[in-house]
Amino acid sequence: MNFAPMIELTRNGISECLHMGALAVTDANGKLMASAGNPHWLCFTRSTLKALQALPLMQSGGASHFGFTSQELALMCASHNGEDMHVAQVSSILQKSGTRYQQLRCGCHVPYRFSFNDKPLPDGFEYDERHHNCSGKHSGFLAYCALHGLPTETYTDLDHPLQQAVRKAVADVSAVESKDMAWGVDGCSAPNFAMPLSSLARAYARLATPESDSKYGNSLKLLGEAMTAHPELVSGTGRNDADLMRAGRGDWVTKVGADGVQVVASRSRGQALALKIADGNKVALFAATIEALDQLGWLDAQQREALGAWRAQPIQNIKGAQVGERRPVFQIQKA
């Protein structure tokens, strides 16, 4: 089967929901180290792709040309909450490249700082494209266009020179043939590429061990280090990526993507875990990721405690009584 049972919900001992998924663990050369389900399942990368989408800007010297800081590079890899600290970094990226937020083609939505935490917008609060969770990535796209004198009105088109450069960089780092790389349009209107889970894991193993990539190594180093140095900018208050990277104590580079995708790379091990939950359930995704890290032996006692809230939890009703259980039901197979 392509997908294995991963997280089960029971109520009074009766199975109620079953979340299926697949995972792959590889090293930076693409060697498969462990798996569950089909480790080569073709999967849209969604926001896990953001660090790789920043590679053309880095490779062309854009970071040094515009003087982008580590914090600003972290924002280019982010799916952020739209908190003040995020908007400030996006505004700075735009100012340095001489572009405007009105040129961002991501659109705008209620900032995650409110929607993720089920909080109402304060009276009079106004938001714009800078508050979009992908605005950091898009501000990096605009910077690339400014650097190369490219049109900004069409920068999300697949045939735009920027997106062609992104496609080549993604293909190179993941070792997928560019002509064979499937694609679709992401929620923020930018092209998004699909690849086998094992290829996504390989790309992140390279992000965590940039010395393994002679062509993109310096760019991967700057982006990966920015993410781990500023985890709160990569996601935000109360978010999974921030908690994981803090728990990783500088060893882990992590990124979640919409509809059930997550990658965690370990610098010390030179490996990365890529995981997909078939139905896209986020609670199941996070529970499966922590369980997978534990089965792989990546967690110590302190990390288990720090990440406990993201594990499979008992199910409680509105009054706080336990009425069911959410539990992992998969076993990783070592290669």
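Predicted model only: the values in this text are computed from it and were never measured.

Visitor: Any details on the sheet that holds strand β5 (residues 182–185)? Residues and values, ideally.
Guide: Taken together, 3 strands build an open sheet; the order of strands is β4-β6-β5 and the sheet is antiparallel. Edge positions in the sheet fall to β4 (42–44) and β5, since each has one partner strand and no second. Averaged over all pairs of adjacent strands, the angle between strand axes in this sheet comes to 30°, irrespective of strand direction. Here β5 pairs with strand β6 (residues 191–196) via 4 bridges, running antiparallel. Bridge pairing links Gly184 to Asn192 in β6. Docked against the sheet, helix α8 (residues 161–174) engages β5 and β6, running at close to 15° with respect to β6. Lying over the sheet, helix α9 (residues 197–208) contacts β4 and β6, oriented at roughly 105° with respect to β6.

Visitor: How would you summarise the state of the cysteines if you had to cite specific residues and measurements?
Guide: Enumeration according to the criterion identifies 0 disulfides in this entry. Unpaired in this structure, Cys77 has its nearest cysteine sulfur neighbour in Cys134, at a distance of 12 Å. No disulfide involves Cys188; its nearest neighbouring cysteine sulfur is the one of Cys134, lying 4.0 Å away. By relative accessible area, which is 1% here, Cys188 ends up buried.

Visitor: Give me the environment of His109: which residues, what numbers.
Guide: Following the sequence through the fold, His109 ends up in the loop between α5 (84–97) and α6 (112–115). Distance from His109 to Asn29, taken between C-alpha atoms, is 39 Å for residues 80 residues apart in sequence. If we ignore the near neighbours within four places in the chain, the residues touching His109 are Tyr127, His131, His132 and Asn133. From its side chain, His109 meets the backbone nitrogen of Asn133 in a polar contact 3.1 Å long.

Visitor: With reference to specific residues and values, describe the pattern of salt bridges.
Guide: Pairing of side chains with opposite charge becomes possible as their charged atoms draw close. For the structure shown, the criterion picks out 19 salt bridges. Note that Arg269 is salt-bridged to Asp251, the shortest N-O span being 3.3 Å. With Arg269 in the loop between β8 (261–266) and β9 (271–277) and Asp251 in the loop between α12 (240–247) and β7 (252–257), this residue pair connects regions lying 18 residues apart in the sequence. Classification of Asp251 by relative accessible area gives buried; the value is 15%.

Visitor: Account for the pairing of β7, with residues named and values stated.
Guide: Buried residues dominate β7, accounting for 6 of its 6 residues. Side-chain alternation along β7 places Trp252, Thr254 and Val256 on one buried face and Val253, Lys255 and Gly257 on a second face that is also buried. As paired elements, β7 and β8 share 6 bridges and run antiparallel to each other. Considered in β8, the bridge of Gly257 is made with Val261. Counted between consecutive antiparallel strands, the loop separating β7 from β8 contains 3 residues, among which Asp259 sits at a positive phi close to 60°.

Visitor: I'd love a proper account of unusual backbone geometry, names of residues and values included.
Guide: Backbone geometry places Ser189, a non-glycine residue, at a positive phi of 85°. In this fold, Ser189 is placed in the loop between β5 and β6. Overall, Ser189 belongs to the partly exposed group, its relative accessible area being 36%. The backbone of Asp259 sits at a positive phi, close to 60°, despite the residue not being glycine. Of note, Asp259 is situated in the loop between β7 and β8. Owing to a relative accessible area of 44%, Asp259 belongs among the partly exposed residues under this scheme.

Thresholds applied
- Residues numbered from 1 in each chain as written.
- Predicted model: local features only at pLDDT ≥ 70, side-chain atom pairs only at ≥ 80, totals over all residues.
- Heavy atoms only, no water.
- Pairing = 2+ DSSP bridges.
- Helix = DSSP H or I, 4+ residues; strand = E, 2+ residues; numbered from the N terminus.
- Axes fitted to C-alpha atoms, helices over the stretch in contact; angles between N-to-C directions.
- Contact = heavy atoms within 4.5 Å.
- Disulfide = S-S within 2.5 Å.
- Buried < 20%, exposed > 50% of the residue type's maximum accessible area, 1.4 Å probe, protein only.
- Polar contact = N/O pair within 3.5 Å; in protein donor to acceptor, adjacent residues only side chain to side chain.
- Salt bridge = Lys/Arg side-chain N within 4 Å of Asp/Glu carboxyl O.

Don't take any of this as a statement about function, it's just geometry.
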